[in-house]
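Structural overview
Read off the chains here:
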Amino acid sequence: MIKLEMAQALNEQINREMYSAYLYMSMSAYSGKLGLKGFANWFMVQYHEEMYHAMKLYEYIQRQGEEVILGTLEGPPSTFESPLDMFNQTLTHEQYITKSINDLMDMAIKMKDHGTQIFLEWYVVEQIEEEENDNDMILQLNLIGDNAHALLMLDRELSGRMTTVPVDFSKGVEGAVA
Ligand code: OFO
């Protein structure tokens, strides 16, 4: 059992994770429009990751006997200046998500909610990886500059990224992982 205030805050995090998925879906579409199929793949894999983040919260709230309440989803931007712009925006967004996870952790600590603290630890670790990935991409894209050949080489590399998280939640997140 978790407190209602904690459940409300976790429901708001579902919305933020769903927005993350929506943002990366939009970046995938824009990459496809530019002919960068590898970038489109990278962002679509990221979309699946974000849906998984949202569903883990969904399942946790239910397992704790609270109600999942889904809010309105804001529309993401549909155009971007360049691949570098997409990754700069991705990093800024992930830093915002990191702060929101840290705020949730602070709330759980204040409430002496040990179950939620342990649950949120996974997200704390995940955010380190997400920001690191984005920083790596920004470094590479800055090195590439306006070298089209190097950009296409990176695009080819990004086409190899595979989805490693569950994508079918019809039997729940735990059922999908098993
Ligand atoms: Fe990108 O980690 Fe969730 O939002």
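Whatever comes next refers back to the structure up there.
In short, a report on the structure. In this text the structure is predicted, and so the values were computed from the model without any measurement. Per-chain numbering applies: the sequence of each chain, read as written, is numbered from 1 onward. Selection of residues for local features in this predicted model requires a pLDDT of at least 70, selection of side-chain atom pairs for listing and counting requires 80 or more, and totals for whole chains, interfaces and linings are taken over all residues. Heavy atoms throughout the structure, all of them, feed into the side-chain values; hydrogens and water do not.

Examining unusual backbone geometry
Our working definition: A run of H or I in DSSP counts as a helix once it spans at least four residues, and a run of E counts as a strand once it spans at least two, with each numbered from the N terminus.
Residues other than glycine seldom take positive phi values, yet K112 does so here, at roughly 55 degrees. Mapped onto the elements, K112 comes out in the loop between α3 (83-110) and α4 (114-144).

Some thoughts on the packing of aromatic side chains
We count it as follows: For Phe, Tyr and Trp, where Trp contributes only its six-membered ring, two rings pair if their centres lie within 6.5 Å, and the inter-plane angle classes them as stacked under 30 degrees, edge-to-face over 60, or tilted in between. Classification of residues uses two cut-offs on accessible area relative to the type maximum, computed with a 1.4 Å probe and protein chains only: under 20% is buried, over 50% is exposed, and between them is partly exposed. Charge-over-ring placement is defined geometrically: NZ (Lys) or CZ (Arg) within 6 Å of the ring centre, and within 35 degrees of the ring normal.
For the coordinates displayed, the defined rule picks out 11 aromatic pairs. For the ring pair W42 and F43, a centre distance of 5.2 Å and an interplane angle of 80 degrees mean the geometry is edge-to-face. Each ring, one from Y60 and one from F119, has its centre 4.1 Å from the other, and the planes form 5 degrees; the classification is stacked. Of this pair, Y60 sits in helix α2 (residues 37-63) while F119 sits in helix α4, and the two are 59 residues apart along the sequence. F119 sits in the buried class, given a relative accessible area of 14%. Three or more aromatic residues joined by ring pairs make a cluster, and in this case those are Y52, Y60, F119, W122, Y123 and F169. The lysine or arginine in question, K56, covers the ring of W122, its NZ or CZ lying 4.5 Å from the ring centre. Here the guanidinium or amino end of R161 rests over the ring plane of W42, the centre of that ring lying 4.4 Å away.

Topic: the pattern of salt bridges
This is how the line gets drawn: Any carboxyl oxygen of Asp or Glu that lies within 4 Å of a side-chain nitrogen of Lys or Arg is treated as forming a salt bridge with it.
Per the counting criterion, the structure on display carries two salt bridges. Measuring nitrogen to oxygen at the nearest pair gives 3.7 Å for the salt bridge that ties R161 to E49. Pair noted here: R161 is in the loop between α5 (148-158) and α6 (172-177) and E49 is in helix α2, with a separation of 112 residues, a long-range link. Each member of the pair, R161 together with E49, is buried. Here D103 and K99 are joined by a salt bridge, their closest N and O atoms 2.8 Å apart. Of this pair, D103 and K99 both sit in helix α3, four residues apart, roughly one helical turn. Classification of D103 as partly exposed rests on a relative accessible area of 37%.

Some words on the side chain of H53
Note the threshold: Contacts are residue-level and defined by heavy atoms, with any inter-residue pair within 4.5 Å sufficient.
Along the polypeptide, H53 turns up in helix α2. Judged by its relative accessible area of 1%, H53 is buried. Those residues within four positions of H53 in sequence are excluded, and the remaining contacts are E17, W122, Y123, E126 and E130.

Let's talk about a nonpolar patch on the surface
What counts, and what does not: Each patch is assembled from residues with relative accessible area greater than 30% and no salt bridge, linking like charges that lie within 9 Å and nonpolar side chains (Val, Leu, Ile, Met, Phe, Trp, Tyr) that lie within 5 Å. Here the open area of atoms and residues is found with the Shrake-Rupley method and a 1.4 Å probe, where only the protein chains shown may cover a residue.
Together, Y22, M25, M44 and L73 line one region of the surface with nonpolar side chains, adding up to about 310 Å² of accessible area. Summarising the element assignment, M44 is placed in helix α2. Judged by its relative accessible area of 31%, M44 falls in the partly exposed class.

Quick look at the packing of helix α1 (residues 4-34) against α2
How we decide: Throughout, an axis means a line fitted to C-alpha atoms (over the contacting stretch in the case of helices), and angles, computed between N-to-C directions, take values from 0 to 180 degrees. An angle counts as roughly parallel when it lies under 35 degrees, as roughly antiparallel when it exceeds 145, as roughly perpendicular when it falls between 65 and 115, and as oblique in every other case. Each helix crossing is assigned a hand: it is left-handed if the near helix lies turned anticlockwise from the far helix by less than a right angle, otherwise right-handed if that turn is clockwise. Residue polarity follows a fixed list, in which Ala, Val, Leu, Ile, Met, Phe, Trp, Tyr, Cys and Pro are nonpolar, Asp, Glu, Lys and Arg are charged, and the others, Gly among them, are polar.
Across the interface, α1 lies against α2 with an axial gap of 8 Å and an inter-helix angle of 165 degrees. As summarised for this structure, α1 and α2 are arranged roughly antiparallel, according to the angle between their axes. α2 is crossed by α1, and the crossing has left-handed handedness. Among the residues forming the contact of α1 with α2, the class breakdown is 19 nonpolar, eight polar and two charged.

Concerning empty space enclosed by the protein
Note the threshold: A cavity here means a set of 1 Å grid points, computed over protein atoms only, where a 1.4 Å probe fits but cannot escape. A pocket is an open set with protein on both sides within 12 Å along at least 5 of 7 lines, and lining residues have an atom within 4 Å of a point. Grid points are joined across faces, edges and corners, and a volume is the space filled by probe spheres set on the points.
Taken as a whole and judged by the stated rule, the model has one cavity of 30 Å³ or more. Lining the largest cavity are Y24, W42, Q46, E49, T90, E94, E126, E129, E130, N133, D134 and R161. Those elements that place two or more of their residues in the lining of the largest cavity are α2, α3 and α4. No other element matches α4, which puts five residues into the lining of the largest cavity. Here the residues of the lining of the largest cavity are counted per class, giving two nonpolar, three polar and seven charged.

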